[in-house]
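Chain by chain, the residues:
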Amino acid sequence: MIETYLDGKKAEMIKLLERLVNTDSGSYDKDGVDVVGAILKENFENAGMHVKVHREKEMGNHLEIKASEECDPKIIIIAHMDTVFPKGEAKERPFKVIGDKAFGPGVNDEKASHVQVLYALKALKKSGSDAYKNVHVIFNSDEEVGSPSSKSLIKQAAEDKQYSLVVECARPNGGIVTERKGVGNFSLNVKGKSAHAGVEPKRGRSAIEEISHKILQLQKLNHYEEGLSVNVGLVKGGTSSNTVPSNAEAEIDVRIKGEEQAAEVTKEILKIAQQESVPGTMTELKGSISRPPMEKTEQTEQLVKVIQEAGDELGMSIHPLSSGGGSDAAFTAVEGIPTVDGMGPMGEFSHSETDEYTDLKTLLQHTALLAKTIEKLSK
């Protein structure tokens, strides 16, 4: 019944996906994110769901969706409405379909997932299943920048939940995500003293020289075999080639595999920031581990088995894998809730300005998979 219902809704689903993709919703584009939120609110309310809007002043508003305000569901589903693309991107390269692939900014990360969640719940209702009442959906507006304003909402919604399904895109060949690395972002700001590089260079204190020493030490913190990576990805400083630079900045990305690595790598970064190689310079360190790692547990493996059973019924082969990227799945996993990510439609090349796509064949398949998984977890 679920598959039959969805087969008749494919054109309708693609039309909604086109509308969402053609609406800019970069993380700092509050107006755009709120338009996407308004579109989703209307569609979920038309489907008989209760939608609560959590209003934000700076970031986009968040949506909290349940069958009714009073129900007590045991499954949380998380998706984000923001993208990494600037305002105007949708006009420059609007939604298009080539063969079985849909292209456009945010189509895979993750506007196809919004359509999936809506129609999974509609399919359950249409089939006569009450399982849709067992779902608590959070659509947040700031995942791409670390979920600063939605983290507390996700954690509050996760209280007393038995399962967490996060609908970032599925990987090719039926891959779903059971492990993710934790993510940290740090910045170094070095202050030195400027001077004329030809006339009186000795009066200067080079901030670039100082930060260069620190960068070399930071790169030595990498232990790839242990799942720890430290990457100095952005560096800037100075004003001209003939001036001893009085300022330099570096942006650092940190990925951790286990919770125990967070405190240790933070301690090492602080130690490097405090070291002085060029006398007379000062260094300010900002940042932290913003997302804990999503670690696989025995309970997660049991959840995967349920998803695989649902996949078997649909002729789909589902297999677990790990990812170096972070997501909001970390916030439920760290609370001990069995969590699986990558439950969205399959696609690739998220954040790409040209290649990002969603496989429209999997839009229907993975919507059915999500619906059947919800149904099985609700029995």
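The rules behind each value
Residues numbered from 1 in each chain as written. Predicted model: local features only at pLDDT ≥ 70, side-chain atom pairs only at ≥ 80, totals over all residues. Heavy atoms only, no water. Salt bridge = Lys/Arg side-chain N within 4 Å of Asp/Glu carboxyl O. Helix = DSSP H or I, 4+ residues; strand = E, 2+ residues; numbered from the N terminus. Buried < 20%, exposed > 50% of the residue type's maximum accessible area, 1.4 Å probe, protein only. Axes fitted to C-alpha atoms, helices over the stretch in contact; angles between N-to-C directions. Parallel < 35°, antiparallel > 145°, perpendicular 65-115°, else oblique. Left-handed = near helix turned anticlockwise from the far one by under 90°. Contact = heavy atoms within 4.5 Å. Core = buried A, V, L, I, M, F, W, Y, C linked by side-chain atoms within 4.5 Å. Lys, Arg positive; Asp, Glu negative; His and termini not counted. Polar contact = N/O pair within 3.5 Å; in protein donor to acceptor, adjacent residues only side chain to side chain. Pairing = 2+ DSSP bridges.

Asker: How do you make sense of the pattern of salt bridges when you look at a structure like this?
Answerer: A side chain of one charge can pair with a side chain of the opposite charge if their charged atoms are brought near each other. In the structure shown here, the tally under the stated rule is 20 salt bridges. Between glutamate 12 and lysine 122 there is a salt bridge, with its nearest N and O atoms 3.7 Å apart. Here glutamate 12, found in helix H2 (residues 10-21), pairs with lysine 122, found in helix H5 (residues 107-126); they are 110 residues apart in sequence, far enough to count as distant. Overall, the relative accessible area of 35% leaves glutamate 12 in the partly exposed class. One network of salt bridges, with partners in common, ties together Lys9, Glu12 and Lys122.

Asker: In this structure, what is going on with the environment of alanine 207? I would like to understand it.
Answerer: With respect to the element layout, alanine 207 can be found in helix H7 (residues 207-219). Residue class for alanine 207 comes out buried when judged on its relative accessible area of 0%. Each C-alpha atom of the pair alanine 207 and proline 293 lies 34 Å from the other, and the pair is 86 residues apart in sequence.

Asker: Looking at this structure, how should I read the packing of H5 against helix H11 (residues 360-377)?
Answerer: Two packed helices can be described by the angle between their axes and the distance between those axes. At a closest axis distance of 8 Å, the pairing of H5 and H11 adopts a crossing angle of 50°. Judged on the interaxial angle alone, H11 and H5 are oblique. Handedness of the crossing formed by H5 with H11: right-handed. The segment H5 lies against H11, with Ala112, Gln116, Val117, Tyr119, Ala120, Leu121 and Leu124 engaging Leu363, His366, Thr367, Leu370, Ala371, Ile374 and Glu375.

Asker: Where do I start with the nonpolar core in this structure?
Answerer: Most often, soluble globular proteins have nonpolar side chains that are buried together. Among the nonpolar cores identified, the biggest contains 62 residues, and Phe44, Ile77, Leu121, Phe139, Leu165 and Ile374 are the most heavily contacted of them. The greatest single-element share of this core, amounting to 10 residues, is contributed by H5. Residues Val190, Ala262, Ile272 and Ala273 belong to the second largest nonpolar core, which totals 21 residues.

Asker: Sorry if this is basic, but what is going on with the pairing of strand S6 (residues 135-140) here?
Answerer: Across a regular strand the side chains alternate sides, sitting on one face of the sheet and then on the other. Of all six residues in S6, six are buried; the element is thus mostly enclosed. Of the two faces of S6, the one holding Val135, Val137 and Phe139 and the one holding His136, Ile138 and Asn140 are both buried throughout.

Asker: Looking at this model, I keep getting lost on the side chain of glutamate 110. Mind explaining?
Answerer: As for its position among the elements, glutamate 110 is in helix H5. Buried charge without a partner: glutamate 110 forms no salt bridge, and the closest opposite charge is arginine 180, 7.5 Å away. Of the polar contacts made by the side chain of glutamate 110, one reaches the backbone nitrogen of histidine 80; its length is 2.6 Å. Once residues within four sequence positions are removed from consideration, glutamate 110 is found in contact with Ala79, His80, Val167 and Glu168.

Asker: Would you explain the sheet that holds strand S5 (residues 101-103) in this entry?
Answerer: By way of backbone hydrogen bonds, the strands of a sheet pair with one another, either parallel or antiparallel. Strands sit in the order S4-S5-S18-S17 across an open sheet of four strands; the sheet is antiparallel. Edge positions in the open sheet fall to strand S4 (96-98) and strand S17 (347-348), since each of these has one partner strand only. Direction of pairing for S5 relative to strand S18 (residues 357-359): antiparallel, over a ladder of three bridges. Note that in S18 the partner of lysine 101 across the bridge is aspartate 359.

Asker: What should I look at first to understand unusual backbone geometry in this one?
Answerer: Glycine aside, the phi torsion of most residues is negative, and most peptide linkages are trans. Of note, the amide linkage connecting aspartate 109 to glutamate 110 takes the cis form, showing an omega dihedral of -5°. Despite not being glycine, aspartate 160 has its phi angle at roughly 70°, a positive value. In this structure, aspartate 160 sits in the loop between helix H6 (151-158) and strand S7 (163-166). Positive phi is not limited to glycine here, since histidine 351 has a value of about 75°. When you line up the elements, histidine 351 lands in the loop between S17 and S18. Since its relative accessible area comes to 41%, histidine 351 is described here as partly exposed.

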